[in-house]
Amino acid sequence: MTRGRFAPSPTGPLHFGSLVAAVASYCDARQRGGKWLLRIEDVDSTRTIKGASDDIMRTLAAYGFAWDGEVVYQSRRSALYQQVLQQLQARALAYACTCSRKEIADSSTRQGIEGAIYPGTCLRHAVAADTAAAWRLKTQAAPISFSDAIQGHQQHALASAIGDFVLKRADGVFSYQLAVVVDDALQGVTHIVRGADLLNSTTRQIYLQQLLGYPTPQYAHIPLVTNGDGQKLSKQTLAQALPADNVKATLIAALLFLQQTLPDNVDRYSVDAIWQWAISHWRLPQIPPVQHD
Ligand SMILES: [Zn+2]
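Residues numbered from 1 in each chain as written. Predicted model: local features only at pLDDT ≥ 70, side-chain atom pairs only at ≥ 80, totals over all residues. Heavy atoms only, no water.

**Remarks on the sheet that holds strand β1 (residues 3-6)**
With parallel pairing, 3 strands are arranged side by side in an open sheet as β1-β2-β3. Bordering the open sheet on either side are β1 and β3 (72-73), each of which pairs with just one other strand. Both strand β2 (residues 35-40) and β3 contribute to a ladder of 2 bridges, which runs parallel. Across the sheet, residue Arg39 finds its bridge partner in β3, namely Val72. The sheet contacts of helix α1 (residues 16-31) involve β1 and β2, and relative to β2 the element is tilted by about 150°. (Pairing = 2+ DSSP bridges. Helix = DSSP H or I, 4+ residues; strand = E, 2+ residues; numbered from the N terminus. Contact = heavy atoms within 4.5 Å. Axes fitted to C-alpha atoms, helices over the stretch in contact; angles between N-to-C directions.)

Encoded structure:
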């Protein structure tokens, strides 16, 4: 059974970029006859805006999305993430790190794809048990690769591209990478369709899946919607909230962004009829890969 999912962060209202990701994962899961799950990624409660998750669900319902089963909230799953972290600790795959951001910047001599690579300082000295510490995952030099349904072959040697990454921050917040891997596995997600801003995270997630004995889902990363300045739409770039009164035109715009074929007289279709068309005519291969410079 196919299981797709949409996993917004409740850091503000849904915008057009999040709608595009939701439409893509919804059409993909429904065309395969599968379920579509909704997960609220509020693992970092310091970024959560009060009322945003309810607002997101109201907006999804207004646009005609119907999710299956209970909504999962990451903020209620710390015990699950802690169990998994303890497994990795017990196998000596994770280690405590007390370095500050500045110490890492000052001591790092290598740049990875997301900035300075942590040089493993805390692997070489003991960390007192009562010290507030982050937990990092040991990475390996062997490459991790996968075939993205839109972006094609992807590969990283994590030790040199990313370095030992954080699983739990010193303030007790579990990392996105750990939470998403645990949730996708426990929810039985088989097909992940999401924005290309997460393409570089995928090899970290696959590595965690391999260590934990979880199956690896199929991945498809869609191009990001950008504003006139070429920036990703986000709360930081002041993306507008999705309109509540112009659902049909906005839904059509999302399908056109995804290069999907629509009927000539789509303007006369109801929202329900547009969904029926979009799901039955969904063609993932029509979505263009991200252009690289
Ligand atoms: Zn350290």
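After that view, the rundown keeps rolling.
**As for the side chain of Ser108**
For Ser108, the position within the fold is in the loop between α4 (101-107) and β5 (111-112). Separated by 3.1 Å, the side chain of Ser108 and the backbone oxygen of Arg110 make a polar contact. Of note is the side chain of Ser108, whose polar atom sits 2.8 Å from the backbone oxygen of Ile117. In this view, Ser108 contacts Ala116, Ile117 and Pro119; residues no more than four positions away in its chain are not counted. (Polar contact = N/O pair within 3.5 Å; in protein donor to acceptor, adjacent residues only side chain to side chain.)

**Observations regarding the domain arrangement of the protein chain**
The domain boundaries assigned to the protein chain delineate domain 1 (3-77 + 187-286) and domain 2 (79-168). Distance from the C-alpha centre of domain 1 to the C-alpha centre of domain 2: 28 Å. Facing the 21 residues of domain 1 at the interface are 27 residues of domain 2. Interface of domain 1 and domain 2: buried area, both sides summed, is about 2,200 Å²; carbon and sulfur atoms make up 65% of it. At the junction of domain 1 and domain 2, the tally comes to 1 salt bridge. The salt bridge involving Arg204 is made with Glu114; its shortest N-O contact spans 2.9 Å. Mapped onto the side of domain 1 that touches domain 2, the elements with two or more residues apiece are α7 (202-212) and β12 (218-222). (Domains from an automatic or database assignment. Buried area = accessible area lost by both parts, 1.4 Å probe. Salt bridge = Lys/Arg side-chain N within 4 Å of Asp/Glu carboxyl O.)

**Regarding the nonpolar core**
The biggest cluster of nonpolar side chains holds 43 residues, and the ones touching the most others in it are Val23, Phe65 and Ile222. Sorting the residues of this core by element identifies α1, β2, α2 (52-62), β12, α8 (247-257) and α9 (271-280) as the ones contributing at least two each. For this core, the leading source of residues is α1, giving 9 residues. With residues near it in sequence (within four places) discarded, Phe65 still touches Leu19, Ala22, Val23, Tyr26, Trp36, Leu60 and Trp275. The next biggest cluster of nonpolar side chains, apart from the first, holds 32 residues, and it includes Ala94, Leu158, Leu167 and Val181. (Core = buried A, V, L, I, M, F, W, Y, C linked by side-chain atoms within 4.5 Å. Buried < 20%, exposed > 50% of the residue type's maximum accessible area, 1.4 Å probe, protein only.)

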